[in-house]
Amino acid sequence: MSSIKLISLLLLVAVQTVDSSSSVKNTKGKFSSYYITKLKEFFNIFDVDEDGVVTEEEYVGLTTERAQKVLPSWRAMAVNGIFSNAFRVWWSNKYSNYETVFTLQDMIRVHEIDMPIETKEAAEISSDLFGTFDIDCDGKLTVDEYSKFLFVYRNAAEIQPIFDAIDQNANGVLDADEFKSAHDLSWYRQEFSTTDIVFGKRY
């Protein structure tokens, strides 16, 4: 079985697991079970102590610390700026009553609201992230550059299969369109896609 097929199978199993459990409910019925699985996986990236709550320190501070281990200092500070801004826009805002922590249920509830900045903000974040990890500024991410991105997102899976899933034209690099498409669509696509592995896997 190829690595990409294995990743696909693991994602589908995860969908079935979340769908069959009652731990996460979408009361409005707006999201597919697969989409809720993606939100849960993203939440788990930042819930470092696995207590079911993501703090600002986990979302911004610890993410910046990981970036400092693999990036030049000014690029690590760019990561800090991206995540600080994202925390204020997505989590600590008028919809969340400016809380400085959030649970998975809070995350789902915020996503159920059509925030007017949602699409624009996601596109800006993906563009900023691409530029931050494009260390040689050549408009492409190599496997090594992308591995640094995955490190910041606490990836524990084999890197090459993830990279190959995003590299749609199979030319050995990720251009801005490939990266941004995988990143942006991971936030909106309700059905399964191999490129939804863009943030890696924790387990």
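Residues numbered from 1 in each chain as written. Predicted model: local features only at pLDDT ≥ 70, side-chain atom pairs only at ≥ 80, totals over all residues. Heavy atoms only, no water.

Peer 1: Please give an account of helix α2 (residues 33-46) that cites residues and values.
Peer 2: For α2, spanning 14 residues, the distance from its first C-alpha to its last is 21 Å, which sits close to the expected 20 Å at 1.5 Å a residue. Burial analysis of α2 places twelve of its 14 residues in the buried class, the great majority of the element. The complete set of buried residues in α2 reads Tyr34, Tyr35, Ile36, Thr37, Lys38, Leu39, Glu41, Phe42, Phe43, Asn44, Ile45 and Phe46. (Helix = DSSP H or I, 4+ residues; strand = E, 2+ residues; numbered from the N terminus. Expected span 1.5 Å × (residues − 1). Buried < 20%, exposed > 50% of the residue type's maximum accessible area, 1.4 Å probe, protein only.)

Peer 1: Please provide a residue-by-residue account of the UniProt feature "domain: EF-hand" (unreviewed entry) in the protein, values included.
Peer 2: Following the UniProt record, one finds the feature "domain: EF-hand" (unreviewed entry) at residues 34-69 and 154-189. Taken end to end, residues 34-69 comprises 75% helix and 6% strand; its first and last C-alpha atoms sit 33 Å apart. Between the end C-alpha atoms of residues 154-189 there is a gap of 22 Å, over a span that is 58% helix and 6% strand. (UniProt positions renumbered as here; feature names shortened; annotations may be inferred.)

Peer 1: Tell me what's going on with the confidence of the model for the protein, and back it up with residues and numbers.
Peer 2: The predicted model of the protein averages 84 in pLDDT, with 82% of residues at 70 or higher. In the model, residues 4-28 has pLDDT below 50 throughout and makes 37 contacts with residues more than four positions away in sequence or in other chains. (pLDDT = per-residue confidence, 0-100. Contact = heavy atoms within 4.5 Å.)

Peer 1: How would you explain the packing of aromatic side chains if you had to name every residue and give the values?
Peer 2: This model, assessed by the stated rule, comprises 28 aromatic pairs. Ring geometry for Tyr34 versus Phe192: centroids 5.8 Å apart, planes at 70 degrees, classification edge-to-face. Pair noted here: Tyr34 is in helix α2 and Phe192 is in the segment after α9 (176-188), with a separation of 158 residues, a long-range link. Looking at Tyr34, the relative accessible area reads 6%, which means it is buried. Consider the rings of Phe83 and Tyr153, whose centres lie 5.9 Å apart with planes at 55 degrees: the pair is tilted. Of this pair, Phe83 sits in helix α4 (residues 73-91) while Tyr153 is found in the loop between α7 (143-152) and α8 (159-166), placing the two residues 70 residues apart along the sequence. Considered together, Phe83 and Tyr153 belong to a single accessibility category, that of buried residues. (Phe/Tyr/Trp six-rings, centres within 6.5 Å; stacked < 30°, edge-to-face > 60°.)

Peer 1: Let's hear about the packing of α2 against α9: which residues, and what values?
Peer 2: Two elements in contact, α2 and α9, have axes separated by 9 Å at closest approach and are oriented at 115 degrees. Here Tyr35, Lys38, Leu39 and Phe42 of α2 come into contact with α9, specifically with Leu185, Ser186, Trp187 and Tyr188. A class-by-class count of the residues in the contact of α2 with α9 yields six nonpolar, one polar and one charged. (Axes fitted to C-alpha atoms, helices over the stretch in contact; angles between N-to-C directions. Nonpolar A, V, L, I, M, F, W, Y, C, P; charged D, E, K, R; others polar.)

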